[in-house]
Amino acid sequence: QVQLVESGGGLVQPGGSLRVACEASGFTFGIYFMTWVRQAPGKGLEWVSRIHTGGLQTYYTDAVKGRFTISRDNAKNTLYLQMNSLKSEDTATYYCARSKLYGGSWYMDYWGQGTQVTVSS
């Protein structure tokens, strides 16, 4: 069965860096687009980043552009999100999700359990 397991979250000071990871199993990881989504306390889900199958096409929400980098290692079935220059507003639960395109819109059909990232002094 499809499984996505996030790891690497924790407490970090403003301006610091953290890398979260998502290990995938139960499907052919290398032929799927992957996405990071986050949910801050008291807020709804926010799309963060998407990476396509070969890892060369990447997309980011404006709030993290220039600070976050999405990447993948298809041989290890693993998705990553490198987060630099972290701000308090980056505090959220970060989820990875498998992505599909239907009728010009993106959908996430499988999600991980999430990993908590807290940015605080």
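Everything in this summary refers to the structure shown in the same document. Every value quoted in this text rests on a predicted model; they were computed, and no experiment measured them. (Residues numbered from 1 in each chain as written. Predicted model: local features only at pLDDT ≥ 70, side-chain atom pairs only at ≥ 80, totals over all residues. Heavy atoms only, no water.)

## Side note on the environment of asparagine 77
And step 1. Residue placement: asparagine 77 occurs in the loop between strand 7 (68-73) and strand 8 (78-83).
And step 2. Since its relative accessible area comes to 26%, asparagine 77 is described here as partly exposed.
And step 3. The spacing of asparagine 77 and glutamine 13 is 64 residues in sequence and 30 Å in space, taken between C-alpha atoms.
And step 4. Ignoring anything within four residues of it in the chain, the contact list for asparagine 77 reads Cys22, Glu23, Ala24 and Phe29.
And step 5. Polar contacts involving the side chain of asparagine 77 include one to the main-chain carbonyl oxygen of asparagine 74, which spans 3.1 Å. (Helix = DSSP H or I, 4+ residues; strand = E, 2+ residues; numbered from the N terminus. Buried < 20%, exposed > 50% of the residue type's maximum accessible area, 1.4 Å probe, protein only. Contact = heavy atoms within 4.5 Å. Polar contact = N/O pair within 3.5 Å; in protein donor to acceptor, adjacent residues only side chain to side chain.)

## Some points on the pattern of salt bridges
And step 1. Applying the stated criterion to the full structure yields six salt bridges.
And step 2. Notably, a salt bridge pairs arginine 38 with aspartate 90, separated by 3.0 Å at the nearest N-O pair. Of this pair, arginine 38 sits in strand 4 (residues 33-39) while aspartate 90 is found in the loop between strand 8 and strand 9 (92-102), placing the two residues 52 residues apart along the sequence.
And step 3. Judged by its relative accessible area of 1%, aspartate 90 falls in the buried class. (Salt bridge = Lys/Arg side-chain N within 4 Å of Asp/Glu carboxyl O.)

## Considerations on the nonpolar core
And step 1. Ranked by size, the top nonpolar core spans 28 residues in total, and within it Trp36, Phe68, Leu79, Leu81, Met83 and Tyr94 carry the most contacts.
And step 2. Not counting the four nearest positions on each side in its chain, tyrosine 94 is found in contact with Glu6, Trp36, Val37, Arg38, Phe68, Leu81, Met83, Gly114, Thr115 and Val117. (Core = buried A, V, L, I, M, F, W, Y, C linked by side-chain atoms within 4.5 Å.)

## Regarding the sheet that holds strand 8
And step 1. Sheet architecture is open: four strands sit in the order 1-3-8-7, paired in antiparallel fashion. A single partner strand is all that each edge strand has here, and the edge strands are strand 1 (3-7) and strand 7. Sheet twist, expressed as the mean angle between neighbouring strand axes with direction ignored, is 15°.
And step 2. In the sheet, strand 1 pairs with strand 3 (residues 18-25) via five bridges, with the strands oriented antiparallel. Each bridged residue has a counterpart across the sheet, and for glutamate 6 the counterpart in strand 3 is cysteine 22. (Pairing = 2+ DSSP bridges. Axes fitted to C-alpha atoms, helices over the stretch in contact; angles between N-to-C directions.)

## Examining the side chain of threonine 91
And step 1. Along the chain, threonine 91 turns up in the loop between strand 8 and strand 9.
And step 2. Within the local environment of threonine 91, its side chain forms a polar contact with the backbone oxygen of serine 88, the two atoms lying 3.0 Å apart.
And step 3. Looking at threonine 91, its side chain comes within polar contact range of the main-chain nitrogen of valine 119, at 2.9 Å.
And step 4. For threonine 91, the contacting residues outside a window of four places in its chain are Ala40, Pro41, Gln116, Val117, Thr118 and Val119.

## Some points on the state of the cysteines
And step 1. Applying the stated rule across the entire model yields one disulfide.
And step 2. Covalent S-S linkage joins cysteine 22 and cysteine 96, the inter-sulfur distance amounting to 1.9 Å. Looking along the S-S bond of the cysteine 22-cysteine 96 disulfide, the torsion reads about 50°, which is the right-handed sense. Placement of cysteine 22 in strand 3 and of cysteine 96 in strand 9 is noted, with a sequence separation of 74 residues between them. (Disulfide = S-S within 2.5 Å.)

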